[in-house]
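This is what each chain is made of:
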Amino acid sequence: MDAILLQFLNGLDKGSAYALIALGLTLIFGTLGVVNFAHGALFMIGAFCSVTLQRILTLSSETLSETEKDFLGNPLKIKTPYVENWFGPEVGGAIIDWAVPLAILLAIPVMLLIGFIMERGLIKHFYKRPHADQILVTFGLAIVLQEVIKYFYGANPIPTPAPSAFVGSFDFGPLLGLDTSLAYPYWRLVYFGFSALIIGAVFAFLQFTTFGMVVRAGMADRETVGLLGIDIDRRFTIMFGIAAAVAGLAGVMYAPINSPNYHMGMDFLVLSFVVVVVGGMGSLPGAVLAGFMLGILESLASMNEVKNILPGIDQIIIYVVAIIILLTRPRGLMGRKGVMEE
Amino acid sequence: MSFSNPTRRGLIKTGAVASAGLALPTYLRADGHSGFTNAPTGSTVTLGFNVPQTGPYAEEGLDELRAQELAVQHLNGEGDGGMMNTFSSKALKGNGILGKKVEFVTGDTQTKSDAARASAKAMIEKDGAVMINGGSSSGVAVAVQGLCQEAGVIFMAGLTHSNDTTGKDKKANGFRHFFNGYMSAAALAPVLNNAYGSDRKAYHLTADYTWGWTQQESIAAATEAMGWETVNNVLTPLASTDFSSYIAPVLNSGADVLVLNHYGGNMVNSLTNAVQFDLLNKEVNGKKFEIVVPLYSELMAAGAGKNVEGVIGSMNWNWQLQDEGSKAFVKSFGEKYGRPPSNSAHTCYVQTLLYADAVERAGTFNPCGVVEALEDFEFDGLGNGPVLYRGDDHQCFKDVLVMKGKENPSNEYDTLEIVEVTPRAQVEYAPDHPMFAGGQLGSCNPGA
């Protein structure tokens, strides 16, 4: 039982990442009708915002040690971060330690800007082109972004630790009255909470603001909203920026879970598209629901007890479920009529 | 007009044209005279460096490429000569190979067997490479080794640690300087016994391909022989990025040791996930929980950061070794690139020199001559002490390093420390050892 609970928690966590990326994908598809294969790259760039801030905060002054030698036998360069020089070792050390959460402040403007540039500079030229063209151009863009990151940061994963206050795991066992341990990492719990917050914020923004109301109206009938004198294109551009920021923030907070590397976006992209299709193209609640559902199913399928009966099921479970759902509900779990059917 | 009235002059003309026509193909295929693939005819010889430049092992591949470029410089008499100065064989003179200037072409294996074969094929057929050196991943090595055997060129396998490379998949045209899973296990077992005792329960997570399978088999056999119990072995897909689903069941499995038969980005992620689940701070069966990473590299350790602290593993070579050969290589590489070389860089550098040296000693680029020169060749001065290139399976035998993640690293390269240099005799095995059974070395193929 405790093993199932643990994998359930794990599934919520995986589902958080799937749901956040799928949410952004759906926002872009629902507003602009663009299939954005560069969305995984935006997630990756978010993770590298954490890496970048970590590097900025650890920029150091160098002094030569008289006693220690480097690998060539020359005097070792001792590095002291500037923030420690400026704020003292304790405060400076704490700032460096909190690099990942602080990177959210860097990521929001960076991702919004990247989103606007992407939409205005490239995507808008493909609105009226077939989906196949959109996929090709955004996939190409993803490869370019990936190679740019590789050029500047290298191909090796870069360790980006969570704040030391969140190192270790929380034991749910005693809380649930279990005799055995049910430990789950603190940072993964933080990630789940953060995802819930972002998802809630996006829904609230669309539901309770005038801007969101107009966007929803535009998603339902773009032409009519335009005829009312509203610049719906500008709002959709802003939504593209918001979708990029959602993917970026998902990446920022994901950095301590798996060390960022230049191809991490591609690793998530295909699964996220499956999530979007299963949830229903254009349906925001569908994307979130499918993200969590598939994340949990994938985790449960990787249990040894399951794999002993169905070897390899953990690798195909998402696709099996996708086939079953699309056979029984061709529009996905919560898909809207008309989307992808014209 | 009649065609049936030959004249003497016409007959001579026709005969001359026919002779020239028949001779032309032979002229155009001048290498056909030499009897082997890509026999160099000009003043240069081309080597093919086939390494992952993209994908999860790209950083290893790029370091291999740096080392191979350095080796070419040294062979051509440029730079400080590096390990050529300490190599026990004195056949290399710094004037290229057999007086021909060394050039090289590169290919990207992408850590995929089909891509690696395609890039090796292109280097052999289009660029005229006479030897292929490199690779990271045993799946790639086995695939490219097979291709080189068919094409009739020498393959110097780079970073490949599966027993199968010189076991069931061995080939006469293929050679491996790197150590293997069996040798890692033989070196690690006594150290693990001393550090963690003989009464342990191990849970293995294993990359699901030839390297993972044979390493797991080797480590399990060696640790079980000293009293450990293997609780479970779970195969994980190579494409996995989040291993939390595989780590979570370890917690309640009764195991007190986790063995990560993972490499590259997979190891970085699985170790990071294991540390997130606080495994290293657990106590199970009255013992402190431990993690073992049987195959280490400096680049992986850098990727894993603080998570490697105290974790034991093995390596083929490390820049901290103090023999004259290692010091010469570290100096040469460090001055050129501003960083110490990785063990994958070392093995590719050494193999380039070994190939060139074998050609010089054989006096020919003919693969069969090179094979003969490398088989049972004993040498020293290239790190790891005296080394034997065994003729039975083309596997190198040398000392193996046992490493531990450093507790308090003083700089970014100071991630691992050498715990023990295991003597060569302790890691040797018979050519017909069951873990290496099957397959035939066959005979060398000169191609053409």
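Throughout this description, residue numbers start from 1 for each chain and increase along the sequence as written. Chain letters start at A and ligand numbers start at 1, both assigned in the order the entries are written. Confidence filtering applies because this is a predicted model: local features only for residues at pLDDT of at least 70, side-chain atom pairs given and counted only at 80 or more, and all residues used for totals across whole chains, interfaces and linings. Heavy atoms throughout the structure, all of them, feed into the side-chain values; hydrogens and water do not.

(A) Looking closely at the domain arrangement of chain B. All names here are of chain B. For every domain, the bounds stem from an assignment made automatically or drawn from a database. Once the domains are mapped, chain B shows domain 1 (6-179 + 319-394) and domain 2 (182-315). Residues count as neighbours in contact if any of their non-hydrogen atoms are within 4.5 Å of one another. Domain 1 puts 20 residues into the contact, and the matching count from domain 2 is 21 residues. Joining two parts hides part of their accessible area as seen by a 1.4 Å probe, and the buried area is that hidden amount summed over both. Carbon and sulfur atoms make up 59% of the area that domain 1 and domain 2 hide from each other, which totals about 1600 Å². Broken down residue by residue, the surface that domain 1 buries against domain 2 is led by Tyr 57, His 161 and Phe 179, which jointly contribute 36%. By convention in these notes, a salt bridge is any Lys or Arg side-chain nitrogen within 4 Å of a carboxyl oxygen on Asp or Glu. Counting across the domain 1 and domain 2 interface gives zero salt bridges. Distance and chemistry together define a polar contact, namely a pair of N or O atoms within 3.5 Å, with one atom able to donate a hydrogen and the other to accept it when in protein, and with adjacent residues in sequence counting only for side-chain atoms on both sides. Scanning the region where domain 1 abuts domain 2 turns up 13 residue pairs in polar contact (both at pLDDT 80 or more). Elements represented by at least two residues in the side of domain 1 that touches domain 2 include exactly helix H2 (58-75) and helix H4 (138-151). Per-class residue counts for the side of domain 1 that touches domain 2 are seven nonpolar, eight polar and five charged. Helix and strand definitions follow DSSP, with helices as H or I runs of at least four residues and strands as E runs of at least two, each counted in order from the N terminus. Gly falls in the polar group here, along with every residue not listed as nonpolar (Ala, Val, Leu, Ile, Met, Phe, Trp, Tyr, Cys, Pro) or charged (Asp, Glu, Lys, Arg).

(B) Unusual backbone geometry, seen in detail. All names here are of chain B. The phi dihedral of Asp 376 is positive, around 60 degrees, even though this residue is not glycine. Its place among the elements puts Asp 376 in the loop between helix H12 (367-374) and strand E13 (377-379). If you check the backbone angles, Asn 384 has positive phi at about 65 degrees while not being a glycine. When you line up the elements, Asn 384 lands in the loop between E13 and strand E14 (387-389).

(C) Molecular detail of the UniProt feature "domain: Leucine-binding protein" (unreviewed entry) in chain B. UniProt positions are given in the numbering used here, feature names are shortened, and annotations may be inferred rather than shown by experiment. According to UniProt, the feature "domain: Leucine-binding protein" (unreviewed entry) maps to residues 44-406 of chain B in the numbering used here. Across residues 44-406 of chain B one finds 39% helix and 22% strand; the C-alpha atoms that close the span lie 45 Å apart.

(D) Structural detail: the confidence of the model for chain B. Values of pLDDT, ranging from 0 to 100, describe the predictor's confidence in every residue of the model. When pLDDT is averaged along chain B, the result is 91; 92% of the residues meet or exceed 70. Scored below 50 in pLDDT, residues 22-33 of chain B shows four contacts in the model against residues more than four places distant or in partner chains.

(E) Quick look at the nonpolar core. To define a nonpolar core, start from buried Ala, Val, Leu, Ile, Met, Phe, Trp, Tyr and Cys residues and group those joined through side-chain atoms within 4.5 Å. Working definition: with a 1.4 Å probe on protein chains only, accessible area under 20% of the residue-type maximum means buried, over 50% means exposed, and in between means partly exposed. B:Leu258, B:Leu354 and B:Tyr355 are the most contacted members of the largest nonpolar core, which has 122 residues in total. Counting residues per element, this core draws most heavily on helix H5 (residues 181-196) of chain B, at ten residues. Three or more residues apiece are contributed to this core by two domains, here domain 1 (6-179 + 319-394) and domain 2 (182-315) of chain B. If we skip the residues at most four places from it in the chain, B:Tyr355 touches B:Leu47, B:Ile97, B:Val130, B:Met131, B:Ile154, B:Met156, B:Phe365 and B:Val370. In this structure, A:Ile45, A:Phe48, A:Ile149 and A:Ile232 belong to the second largest nonpolar core, which totals 97 residues.

(F) Structural context of the state of the cysteines. All names here are of chain B. Our working definition of a disulfide is a cysteine sulfur pair at a distance within 2.5 Å. In the structure shown here, the tally under the stated rule is one disulfide over all chains. Through a disulfide, Cys 368 is tied to Cys 444; the S-S separation comes to 1.9 Å. Between Cys 368 and Cys 444, the disulfide has an S-S torsion of 105 degrees and is therefore right-handed. Within this pair, whereas Cys 368 is found in helix H12, its partner Cys 444 is found in the segment after helix H13 (424-427), the two being separated by 76 residues in sequence. The exposure class of Cys 368 is partly exposed, given its relative accessible area of 22%.

(G) Main features of the sheet that holds strand E16 (residues 400-405) of chain B. Residue and element names in this part refer to chain B. Being paired, for any two strands, means DSSP has found at least two bridges between them. Spatially, seven strands are ordered E7-E6-E8-E11-E12-E16-E17 in an open sheet, and the strand pairing comes out mixed. If you trace the sheet from one side to the other, it starts and ends with strand E7 (229-236) and strand E17 (416-422), each paired once. Averaged over all adjacent pairs, the angle separating strand axes in this sheet is 20 degrees, with direction ignored. In this sheet, E7 lies alongside strand E6 (residues 201-207) in parallel orientation, the contact comprising seven bridges. Its bridge partner being in E7, His 204 is matched across the sheet by Asn 233. For helices, the fitted axis covers only the stretch in contact; all axes are lines through C-alpha atoms, and the angles between them, taken along N-to-C directions, range from 0 to 180 degrees.

(H) Representation of the interface of chain A and chain B within the structure. Across the boundary between the two partners, chain A contributes 38 residues, which contact 46 residues of chain B. Of the roughly 3100 Å² buried between chain A and chain B on both sides combined, carbon and sulfur atoms contribute 50%. Three residues, A:Phe71, A:Asn156 and A:Asn304, lead the burial of chain A against chain B; their summed loss comes to 19% of the area buried on that side. Linking chain A with chain B are one salt bridge, by the criterion used here. The shortest N-O distance in the salt bridge between B:Asp242 and A:Arg188 comes to 3.2 Å. Scanning the region where chain A abuts chain B turns up 18 residue pairs in polar contact (both at pLDDT 80 or more). If you list the elements that add at least two residues to the side of chain A that touches chain B, you get helix H1 (2-32), strand E2 (75-81), strand E4 (183-185), helix H12 (304-309) and helix H13 (313-328) of chain A.

(I) The arrangement of the environment of B:Arg117 in detail. Residues and elements named next belong to chain B. Among the structural elements, Arg 117 can be located in helix H3 (residues 113-125). In the structure, Arg 117 is positioned 25 residues away from Val 142 in sequence and 9.9 Å away in space, judged by C-alpha atoms. Each residue touching Arg 117, except ones within four places of it in the same chain, is listed here: Ala 143, Val 144, Gly 146, Leu 147 and Glu 150. Within the local environment of Arg 117, its side chain forms a polar contact with the backbone oxygen of Ala 143, the two atoms lying 3.1 Å apart.

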